[in-house]
Amino acid sequence: MKLWPYTPNEQAQWGINPPISDSATYAFPSADAMIETFEGTREDHFLYSRHSAPTTTRLEMALAKMEKTESAVVFGSGMGAISAVLMQHCGQGDHIVASRTIYGGTYAFMKFFLPKLGIETTFVDTNNVAAVEGAIRENTRVIYTETMSNPLLRITDIASLGQLSHSKGLKLIVDNTFTPLLVQPAQLGADIVIHSLTKFINGNSDCVAGVACCTAEMAHTLRDVNTGAAMLFGSTLDSTRAAGILKNLQTLDVRMIRHSQNAHYLARGLEKMGYRVSYPGLRSHPDHDIMRAQHQSRYGFGGLFTLEVDNFEQANALMQELQKAGLGHLAVSLGHHQTLFSASGTSTSSEIPENERLDMGLGDGLIRFSVGLDGDIESSFMGYRQALKKVGLTGWKDSYSLS
Ligand SMILES: *Cc1c(COP(=O)(O)O)cnc(C)c1O
């Protein structure tokens, strides 16, 4: 993928993998250079690694290129990026309009933490643009949504929300963690695009990291030594991890294509057998057309699908059986090279109160699958069929054949 932020000359000197800067601080050639850097009138020097560092800066260049934004700021986690960006934009007395089906940690931050600082959030169905508009108040600063919601996999019409937010002078912030490369929110009108790099982008489940892709001005604001949330909250990404993520980013295109192909294959097969499946690539998905209109078709419809069984006990039995059969891990998170599955209602979305969960269609029998890079997905599918049969799950159509 053409996201390599080093010139041929640099690679000739440093090697074909990213150099790792192993310093917390940097020497200035003169006292004037240091003063000007602190004043912000000079930007050709590194200062201190909580502010910026050579390796993290190159990762930021690559991620900005991927999202087609001017700039980017990396963080020590996805929540580090989300909390910093929201608090940079909102203060005492401000208001946020957010999707009601967002990541559990983001939901908890808005619902339980931000009110302590006098920042209120109204949660709405962001697929309903009229509802979003109706929730906007005089003190609203931000509209916050995810391209593909967790765990219901609803797809946001980003262009419509972009038009609305700009007509009201608001910022549209989009978490694109589930759909890197598939969808480019900044091209559709998002002002800031956030990723948890922990997921597909790194792809190995061996570290936690995040990014906010944004304008150069916003990146500058986030890093300001006096008022920048990235600088002052200190959720900094380490250079060793940044180098690892930068290497893994180079294979993201190949991986996303395979994640999508595999997830599509399993979702289609299970749906044909009569199971309750949700996948944006299926015609039965409520946002199939929105996804088709805004995705880069070569990357498919993403690596996640959900399967709904009747209850929590059935979900647990199935997941344990799948794990025993070596088809994946009973684990939270996503974007790993092996399949991961968890029952969302009692794990990653457990921050959301039960009545609200049921109201939004998130039952206790809902299993979210992050499909891995299985080389032989036909054989994996056979394994799924066997596991389902073994735990006696309904929906089984014996006559169904793969042909
Ligand atoms: C995991 C995740 C986050 C939080 O990222 P961390 O790296 O775990 O802090 C935010 N949004 C989405 C959609 C996620 O999946």
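The model shown is predicted, which means the values in this text are computed figures rather than measured ones. (Residues numbered from 1 in each chain as written. Predicted model: local features only at pLDDT ≥ 70, side-chain atom pairs only at ≥ 80, totals over all residues. Heavy atoms only, no water.)

It is the contact of helix α14 (residues 312–324) with helix α16 (residues 377–390), at a shortest axis distance of 9 Å, that shows an interaxial angle of 135°. It follows from the interaxial angle that α14 and α16 lie oblique. In the crossing of α14 with α16, the sense of the turn from one axis to the other is right-handed. Counting all contacts with α14, which are made through Leu318, Glu321 and Leu322, the residues of α16 involved are Tyr384, Ala387, Leu388 and Lys390. Tallied by class, the residues present in the contact of α14 with α16 amount to five nonpolar, no polar and two charged. (Axes fitted to C-alpha atoms, helices over the stretch in contact; angles between N-to-C directions. Helix = DSSP H or I, 4+ residues; strand = E, 2+ residues; numbered from the N terminus. Parallel < 35°, antiparallel > 145°, perpendicular 65-115°, else oblique. Left-handed = near helix turned anticlockwise from the far one by under 90°. Contact = heavy atoms within 4.5 Å. Nonpolar A, V, L, I, M, F, W, Y, C, P; charged D, E, K, R; others polar.)

Moving on to the packing of helix α4 (residues 78–89) against helix α5 (residues 104–113). Across the interface, α4 lies against α5 with an axial gap of 10 Å and an inter-helix angle of 30°. The hand of the α4/α5 crossing is right-handed. In this structure, α4 uses Met79, Ile82, Ser83, Leu86 and Met87 to contact α5, whose residues at the interface are Gly105, Thr106, Phe109 and Met110. Residues of the contact of α4 with α5, tallied by class, amount to six nonpolar, three polar and no charged.

The next subject is the domain arrangement of the protein. On domain assignment, one finds that the protein holds domain 1 (46–249) and domain 2 (252–390). Each of domain 1 and domain 2 has a C-alpha centre, and the two are 25 Å apart. Taken together, the contacts link 39 residues of domain 1 with 42 residues of domain 2. Taking both partners together, domain 1 and domain 2 bury about 3300 Å²; carbon and sulfur atoms supply 63% of that area. Linking domain 1 to domain 2 there are one salt bridge. Of the charged contacts, one joins arginine 154 and aspartate 287 as a salt bridge, the two residues approaching to 2.6 Å between their closest N and O atoms. The interface formed by domain 1 and domain 2 includes 14 residue pairs in polar contact (both at pLDDT 80 or more). For the side of domain 1 that touches domain 2, the secondary-structure elements that each account for two or more residues are α5 and α11 (239–249). The biggest single contributor to the side of domain 1 that touches domain 2 is α5, with six residues. Partitioning the side of domain 1 that touches domain 2 into residue classes produces 20 nonpolar, 14 polar and five charged. (Domains from an automatic or database assignment. Buried area = accessible area lost by both parts, 1.4 Å probe. Salt bridge = Lys/Arg side-chain N within 4 Å of Asp/Glu carboxyl O. Polar contact = N/O pair within 3.5 Å; in protein donor to acceptor, adjacent residues only side chain to side chain.)

In this structure, Leu59, Leu63, Leu197, Leu249, Phe305, Leu307 and Phe369 are the most contacted members of the largest nonpolar core, which totals 77 residues. With residues near it in sequence (within four places) discarded, phenylalanine 305 still touches Leu153, Ala263, Leu266, Ala267, Leu270, Val277, Ser278, Tyr279, Ile367, Arg368, Phe369 and Val371. Of all hydrophobic cores here, the second largest spans 33 residues; its members include Val85, Ile173, Leu222 and Ile352. (Core = buried A, V, L, I, M, F, W, Y, C linked by side-chain atoms within 4.5 Å. Buried < 20%, exposed > 50% of the residue type's maximum accessible area, 1.4 Å probe, protein only.)

This brings us to the site of the ligand. In the region of the ligand, 15 residues are neighbours, and Met79, Asp175, Ser196, Thr198 and Lys199 sit closest. At 2.8 Å from an oxygen atom of the ligand is found a side-chain nitrogen or oxygen belonging to serine 196. For the ligand, whose free accessible area comes to 380 Å², the fraction covered by protein is 92%. With three residues, the single largest contributor to the shell around the ligand is α4. Looking at the shell around the ligand, its residues break down into seven nonpolar, five polar and three charged. (Near = heavy atom within 4 Å. Areas by Shrake-Rupley, 256 points an atom, 1.4 Å probe, with all protein chains shown as cover.)

On to the pattern of salt bridges, then. In the structure shown here, the tally under the stated rule is 11 salt bridges. Residues aspartate 310 and arginine 276 are paired through a salt bridge, measuring 2.6 Å at the closest nitrogen-oxygen approach. A residue pair is termed long-range when its members are at least 10 positions apart, and aspartate 310 in the loop between β9 (304–308) and α14 and arginine 276 in strand β8 (residues 276–278) qualify at 34 residues. The class for arginine 276 is partly exposed, based on a relative accessible area of 44%. Between glutamate 321 and lysine 324 there is a salt bridge whose closest N-O contact spans 3.7 Å. Of the two residues, glutamate 321 and lysine 324 are both situated in helix α14; the distance of three residues between them amounts to about one turn of the helix. In this structure, a network of salt bridges that share partners links the residues Glu36, Arg42 and Asp44.

Below, the discussion takes up the sheet that holds strand β6 (residues 192–196). Strand order across the open sheet formed by seven strands is β1-β7-β6-β5-β4-β2-β3, with mixed pairing between neighbours. Of all strands in the sheet, those bounded by a partner on one side alone are β1 (71–75) and β3 (120–124). Between one strand axis and the next, the sheet turns through 20° on average, direction left out of account. Bridge count for strand β4 (residues 140–146) against strand β5 (residues 171–175) is five bridges, and the pairing is parallel. (Pairing = 2+ DSSP bridges.)

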